[in-house]
Amino acid sequence: MSGHIFDKYLRREKLPHMWCPGCGNGIVTQALLRAIEAAGAAQDEVVIVSGVGCSSRANGYLDFCGIHTTHGRPIAFATGVKMASPRLKVIVITGDGDCASIGGNHFIHAARRNIDLTVVVYNNSNYGMTGGQYSPTTPLGSLSKTSPLGNIEPHFDVCSLAGAAGATYVARSSTYHVQALIRQLTAAVRHNGFAVVEAMCDCPTLYGRLNRQGDAAAMLLRWKEICLPREKARSASPEELEGKIVIGEFVNSAERPEYTASYDQLIQQAKAREARA
Ligand SMILES: Cc1ncc(C[n+]2csc(CCOP(=O)(O)OP(=O)(O)O)c2C)c(N)n1
């Protein structure tokens, strides 16, 4: 890693970070920085909005304008920022619980509106910050602090949820598939509309240990084993898909109008009507 991106985008005075050894949050955050650079977004026009959780703490280490908001509400705050200044590149950093549990309604309605936000979901399959409770993305049967006999709730597929709600860019990768993750995040940052990238990431201390997935390195290699590229998944049988996570780009569409553009048109129409009156 050249020092360049870290020198440019990290608030070094905020380090060391609070993440556990082997946590995947650093990999996802580095991928995001590389994507912001690759997308050519101006540093002073990027606003990072995060909720509450281990992943959301990334915001404090990054040298952009930013708001570390409340649990489950980053998309609501980000919507406000984007509505006030549509020229800004607004990026949401959120955990799977923050996004799909307490923030689920904000997530689906922002997708429905197709407002130009980039939402990066750090999916570590549990509530990391509060000690490893199960979340809406904890796989069926998995162990967590609140499902010691195995989780009986089927999980949300964050990408399917986003796509069904109207998101116009949707992709998934993992901390093992970093190059793909950077490409997806770059496309998401460039995209004009509601973009979601789900990054499957590792929580060795809580989720990994409880589910006997080995150390951090073993958890990374596990993504290599269980993630199946979308192209291969298309021809796979249901048996072959069992226990697999499909990665790749699921939606990339420019067909629907972006919300702040539609809102601006509305303002122009209202002004024109007032001028005629
Ligand atoms: C309104 C509210 N409810 C609950 C909490 C407690 N809380 C803080 S972080 C968190 C879960 C974090 O999990 P996730 O969003 O998946 O992020 P992670 O820590 O795993 O990155 C919870 C329940 C809170 N801070 N505010």
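Residues numbered from 1 in each chain as written. Predicted model: local features only at pLDDT ≥ 70, side-chain atom pairs only at ≥ 80, totals over all residues. Heavy atoms only, no water.

(A) Structural view of the environment of Ala195. Relative to the elements of secondary structure, Ala195 occurs in strand 8 (residues 195-200). Taking the relative accessible area as the measure of exposure, Ala195 reaches 0% and is therefore buried. (Helix = DSSP H or I, 4+ residues; strand = E, 2+ residues; numbered from the N terminus. Buried < 20%, exposed > 50% of the residue type's maximum accessible area, 1.4 Å probe, protein only.)

(B) Examining the environment of Tyr9 more closely. Examined against the element boundaries, Tyr9 turns out to sit in helix 1 (residues 3-9). Look at Tyr9 and you get buried, because its relative accessible area is 0%. Between the alpha carbons of Tyr9 and Val246 there is a distance of 31 Å; along the sequence they are 237 residues apart. With residues near it in sequence (within four places) discarded, Tyr9 still touches Leu33, Ile36, Glu37, Gln43, Tyr61, Leu62, Asp63 and Phe64. Within the structure, Tyr9 has its side chain in polar contact with the side chain of Glu37 (distance 2.5 Å). (Contact = heavy atoms within 4.5 Å. Polar contact = N/O pair within 3.5 Å; in protein donor to acceptor, adjacent residues only side chain to side chain.)

(C) Region of the structure containing the packing of aromatic side chains. Evaluation of the coordinates by the stated rule reveals 4 aromatic pairs. Taken together, a centroid distance of 5.1 Å and an interplanar angle of 25° make the contact between Tyr9 and Phe64 stacked. Placement of the pair is Tyr9 in helix 1 and Phe64 in the loop between helix 3 (58-61) and strand 2 (65-68), with a sequence separation of 55 residues. Here Arg222 stacks its cationic end above the ring of Trp223, 5.7 Å away from the centre of that ring. (Phe/Tyr/Trp six-rings, centres within 6.5 Å; stacked < 30°, edge-to-face > 60°. Lys NZ or Arg CZ within 6 Å of the ring centre and 35° of its normal.)

(D) The arrangement of the site of the ligand in detail. Around the ligand lies a shell of 16 residues, among which Cys54, Ser55, Gly97, Asp98 and Gly128 are the nearest. Asp96 places a polar side-chain atom, nitrogen or oxygen, 3.4 Å from an oxygen atom of the ligand. Out of a free accessible area of 590 Å², the ligand has 73% covered by protein chains. The element that contributes the greatest number of residues to the shell around the ligand is helix 5 (residues 96-100), accounting for 3 residues. (Near = heavy atom within 4 Å. Areas by Shrake-Rupley, 256 points an atom, 1.4 Å probe, with all protein chains shown as cover.)

(E) Quick look at the side chain of Asn211. Here Asn211 is to be found in the loop between helix 9 (204-210) and helix 10 (216-226). Only 3.0 Å separates the side chain of Asn211 from the backbone oxygen of Tyr207, close enough to count as a polar contact. Sequence-distant contacts of Asn211, that is, excluding residues within four places in its chain, are made with Ser142 and Leu143.

(F) View of the side chain of Asn114. In this structure, Asn114 sits in the loop between helix 6 (104-113) and strand 4 (118-123). For Asn114, a relative accessible area of 0% corresponds to the buried category. Every residue in contact with Asn114, bar those within four places of it in the chain, is listed here: Thr168, Gly193, Phe194, Arg256, Pro257, Glu258 and Tyr259.

(G) Fine view of the pattern of salt bridges. Inspection of the entire model under this criterion finds 8 salt bridges. Among the ionic pairs, Lys82 bridges to Asp116, the shortest N-O distance being 3.1 Å. With Lys82 in helix 4 (residues 74-84) and Asp116 in the loop between helix 6 and strand 4, the pair connects residues that are 34 residues apart, well separated along the chain. The exposure classification of Lys82 matches that of Asp116, with both residues buried. (Salt bridge = Lys/Arg side-chain N within 4 Å of Asp/Glu carboxyl O.)

(H) A look at unusual backbone geometry. Here Leu15 and Pro16 are connected by a cis peptide whose omega angle stands at 5°. Mapped onto the fold, Pro16 is located in the loop between helix 1 and helix 2 (25-39). Positive phi is not limited to glycine here, since Ser125 has a value of about 65°. Position of Ser125 relative to the elements: it lies in the loop between strand 4 and strand 5 (126-127).

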